[in-house]
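Structural overview for review
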Number of protein chains: 2
Amino acid sequence: MSPFKAAQLSPKTRDALTAAQLYYLQDLTMDAIAHELHTSRSSVSRLLGHARETGLVEIQVRSPLDMPRQLEGDIRATFGVTAHVVPVPDQTSDVERLDRVALSAARILGGFVDSNMSLGVAWGSTMSALSRHLLAKPTHNATIVQLNGAANPRTTGILYASEILQRFGSAYGANVQQFPVPAVFDDPATKAALWRERSISRVVEMQKTLDAIVFGLGSPFAGVPSHVYIGGYLDDNDFAQLRATGVVGDIATVFYREDGSSDGIPLNDRSSGPSLDVLRGIARRVCVVSGESKLQTLRGALAAGLVTDLIVDSGTARQILAG
Amino acid sequence: MSPFKAAQLSPKTRDALTAAQLYYLQDLTMDAIAHELHTSRSSVSRLLGHARETGLVEIQVRSPLDMPRQLEGDIRATFGVTAHVVPVPDQTSDVERLDRVALSAARILGGFVDSNMSLGVAWGSTMSALSRHLLAKPTHNATIVQLNGAANPRTTGILYASEILQRFGSAYGANVQQFPVPAVFDDPATKAALWRERSISRVVEMQKTLDAIVFGLGSPFAGVPSHVYIGGYLDDNDFAQLRATGVVGDIATVFYREDGSSDGIPLNDRSSGPSLDVLRGIARRVCVVSGESKLQTLRGALAAGLVTDLIVDSGTARQILAG
DNA sequence: AAACCCGATGCACAAACGTGCAAGGAGACC
DNA sequence: GGTCTCCTTGCACGTTTGTGCATCGGGTTT
């Protein structure tokens, strides 16, 4: 209307806000809201969807404080990590399990992200699913940093990895730092050379001072092999080597054993991911896992002290405690 | 099942918690949840209702931080109080307006209440509506204190006032301190005598050290007279006196003028409510108002510095700024 | 043992809701 | 001016959800 009263926020957001207020705080029906806002009920439905997507509405489920959830307490006691157990019925398929955990993880992650922070992000099927469920949370001056390269002999991987990164960036209104290198180098010397390039070393340096990281776990020999292992990133030789050295998993293409050790794994010298020591130097390390096929893998990551916050499905949570 | 694993929370609460998690955090349909919980869909619907009622689920609507809502900002700038403006369309009836404001107020109040605190509560139609919408929030060692008596020549008023108090008590799991005295004494000497009784003075003393209070505003001469003014608490003489001394409203049967002054109002000496000076000594003073008939009344309360947090409908908010 | 009360359950129906679709509008580009 | 694209809107439909009602089981009173 009047151009004098600057509309600080878009009319859409304004409406979404009122709608949310009326719907969630006053329990009006969408019909009633539509009437008040002079629009159609379906628009209100969409408006509310928008409000949820963009984080205008925040829904929390909080167990009574005096009774933290059983499994989560047990996990903290046993492994010293903060756990978020996502309830999933036992007979759920692995894909649905993954998706449900990723969905919850996306919501939880919103609570960790804040202005002026830098967040390291891995890639893989878990991260991909997670990125698709992110809720918007506008921040200032935050940075998203890719943890490891995604190129392989067949593709540059840029499309795949950057899709994930971009979703993080736009959800949080953050800068995105890509890392356009192969996931695993053929020749360690090439890696060393590239690491001396300023455009690359800049990112490598950023990785060392991250405030938080999010990652899934890769499991090379599990029933459902992870993205890394079927994407042509590794050849038969590499696989044999991994098996020979007792590897049970990886974080950002850096490999470790079930006891948490990672010394003497040659592949790590050729990997583009940050060394486990670098990872351990980061304050908050959020690990998202689902499915029993990752049990061993998860055990290793916990043993290696790579995790500070664990988001996991209830079945796997129970098993890791039982084991 | 096993008696060894102590069930810390009732199975109902446990189910409600999982259901809430699945519904609000994983966006499952109630049907799907019913299946997972081995019960009927309708039970899940009820379970979720229970979860909301009891505060297991918390829903917040948060305007983007960089743009606090217009009216609320204006009110803070003009009157120096934190405002919560409840959107209500202009042509809404007064009763519905009251109810919607009370509903929102009940939710907001939950954010102010905490363990170990004492909360003073008034009575009246606003407080009655508010009490009916309270959301449960379990706390330890909190106390609810009645601010002013409710007895009048016709009834003891205990039923009416205690109903309100009880709802507060059970919502927050708090002790309730009743105040079984007349709202307004016929003879000031009786009040003085009663105030020397230890059972009464105990409550009077508590009133002086409250952490917070909630109250509506009474408006003696407005189009819709408040509960106090039609309950037989005052006689014609009293009314005449109020009008003569320029009273525009009351908080817990203590009266004030539009400019905020309250000296030379004889009725106040006979009132059971805490003096305005006592009120002003309380850190958080939450005022719930709705409807333009309370405009003058609200103006007086603001002028008197009796309010720190204001919960008000949008129409009245606009008018108080316009005035 | 009968009678009673109370909370929990599922059914069935109406109300409320999400979403694919086609229509309308506002730029951007030719 | 045309037309192409992209976003928004309301409708219509199928799905999802709230709730009155009848039922049932367990505990208490008579």
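On a predicted model such as this, the values are computed, not experimentally measured, just so you know. (Residues numbered from 1 in each chain as written. Chains lettered and ligands numbered in written order. Predicted model: local features only at pLDDT ≥ 70, side-chain atom pairs only at ≥ 80, totals over all residues. Heavy atoms only, no water.)

What about the protein's contact with DNA strand D?
Just so we agree on the cut-off: Any residue with a heavy atom positioned within 4 Å of a molecule or strand is treated as near that molecule or strand. Within 3.5 Å is the distance limit for a polar contact, defined as a pair of N or O atoms, with the added protein rule that one can donate a hydrogen and the other accept it, and that residues adjacent in sequence qualify only through two side-chain atoms. Starting at the N terminus, helices and strands are each numbered in turn, a helix being any DSSP run of H or I of at least four residues and a strand any DSSP run of E of at least two. Asp, Glu, Lys and Arg are counted as charged, while Ala, Val, Leu, Ile, Met, Phe, Trp, Tyr, Cys and Pro are counted as nonpolar; the rest, among them Gly, fall into the polar class.
With respect to spatial proximity, 13 residues lie near DNA strand D, and among them A:Thr39, A:Arg46, B:Met30, B:Arg41 and B:Ser45 are the closest. When atoms of DNA strand D within 4 Å of the protein are sorted by moiety, sugar and phosphate together comprise 42%. A distance of 3.2 Å is found between a phosphate oxygen of DNA strand D and a side-chain nitrogen or oxygen belonging to B:Tyr23. For DNA strand D, a phosphate oxygen lies 2.7 Å from a polar atom in the side chain of B:Ser45. Every element with two or more residues in the surface near DNA strand D is listed here: α3 (41–53) of chain A together with α3 (41–53) of chain B. Residue composition of the surface near DNA strand D, grouped by class: two nonpolar, seven polar and four charged.

So, the relation of the copies chain B and chain A
The cut-off we apply is this: C-alpha atoms of residues with pLDDT of at least 70 in both copies form the basis for the least-squares superposition of the copies. Residue contacts are defined here by distance: any two heavy atoms, one from each residue, within 4.5 Å place the two residues in contact.
Screw-axis analysis of chain B against chain A gives a translation of 0.2 Å along the axis, an RMSD of 0.1 Å, and a rotation angle of 180°. Accordingly, the operation relating the two chain copies is best matched by a two-fold axis. Every residue of chain B has its C-alpha some distance from the rotation axis, and the shortest such distance is that of B:Ile59, at 2.3 Å. The overlap is high: 97% of the interface residues of chain B also sit at the interface in chain A, so the same surface is used on both sides.

A short note on the sheet that holds strand β10 (residues 309–313) of chain B
All names here are of chain B. Stated precisely, the cut-off is as follows: The criterion for strand pairing is that DSSP finds at least two bridges linking the strands in question. Axes here refer to lines fitted to C-alpha atoms; in helices the fit is confined to the stretch in contact. Angles between the N-to-C directions go from 0 to 180 degrees.
Spatial strand order, β2-β10-β9-β6-β3-β4-β5: seven strands in an open sheet with parallel pairing. Each edge of the open sheet carries a strand with a single partner, namely β2 (82–86) and β5 (175–177). Neighbour to neighbour, the strand axes of the sheet diverge by 20° on average, direction disregarded. The pairing of β2 with β10 spans five bridges and is parallel. Its bridge partner lying in β10, Thr82 is registered against Asp309.

Overview of the protein's contact with DNA strand C
A:Met30, A:Arg41, A:Ser45, B:Ser40 and B:Arg46 are the nearest of the 14 residues found near DNA strand C. Contact between DNA strand C and B:Ser43: a phosphate oxygen at 3.2 Å from a side-chain N or O atom of the residue. Taken together, the elements giving at least two residues each to the surface near DNA strand C come down to α3 of chain A together with α3 of chain B. Partitioned by chemical class, the residues of the surface near DNA strand C number two nonpolar, seven polar and five charged.

Section: helix α4 (residues 70–79) of chain A
Residues and elements named next belong to chain A. Selection rule: Per-residue accessibility, obtained with a 1.4 Å probe over protein chains only, is compared with the maximum for each type, and a residue is labelled buried under 20%, exposed over 50%, and partly exposed between these values. In this description, the arc belongs to the directions extending from the helix axis to the C-beta atoms.
Among all positions in α4, only Leu71, Glu72 and Ile75 are buried. Buried residues in α4, looked at end-on, bunch into an arc of 100°, giving them a common side. A positive backbone phi angle near 70° is found at Gly80, which sits one or two residues after α4.

Quick word on the side chain of B:Arg285
All names here are of chain B. Rule in force here: We score Asp and Glu as negative and Lys and Arg as positive, and we do not count His or the chain ends. By convention in these notes, a salt bridge is any Lys or Arg side-chain nitrogen within 4 Å of a carboxyl oxygen on Asp or Glu.
On the secondary structure map, Arg285 appears in strand β9 (residues 284–289). No salt bridge is formed by the buried Arg285. Its closest oppositely charged neighbour is Asp309, at 8.3 Å. Here the side chain of Arg285 touches Arg280 through a polar contact of 3.2 Å, landing on its backbone oxygen. Ignoring anything within four residues of it in the chain, the contact list for Arg285 reads Ile213, Phe215, Leu279, Arg280, Gly305, Leu306, Val307, Thr308 and Asp309.

What about the environment of A:Ile265?
Residues and elements named next belong to chain A. Locating Ile265 in the fold gives a position in the loop between β8 (254–257) and α12 (267–270). Classification of Ile265 by relative accessible area gives buried; the value is 4%. For Ile265, the residues in contact, after removing those within four places along its chain, are Thr245, Val247, Phe255, Tyr256 and Arg257.

Focus on the packing of helix α8 (residues 188–196) of chain B against helix α9 (residues 198–208) of chain B
Between two packed helices, what matters for the description is the angle formed by their axes and the separation of those axes. Residues and elements named next belong to chain B. The following threshold applies: If an angle is under 35 degrees, it is roughly parallel; if it is over 145, roughly antiparallel; if it lies from 65 to 115, roughly perpendicular; otherwise it is oblique.
Interaxial distance between α8 and α9 falls to 5 Å at its minimum, and their mutual angle equals 90°. One element, α8, and the other, α9, form an angle in the roughly perpendicular class. Contacts between α8 and α9 involve Leu194, Trp195 and Arg196 on the former and, on the latter, Arg198, Ile200, Ser201 and Val204. Taken together, the residues of the contact of α8 with α9 break down into four nonpolar, one polar and two charged.

Observations concerning the sheet that holds strand β5 (residues 175–177) of chain A
All names here are of chain A. The strand order across the open sheet formed by seven strands is β2-β10-β9-β6-β3-β4-β5, and the pairing between neighbours is parallel. Two strands in the sheet have a free side with no partner beyond their single neighbour: β2 (82–86) and β5. Geometrically, the sheet is characterised by an average inter-axis angle of 20° between neighbouring strands, direction not taken into account. Examined bridge by bridge, strand β6 (residues 212–216) and strand β9 (residues 284–289) share five bridges and lie parallel to one another.

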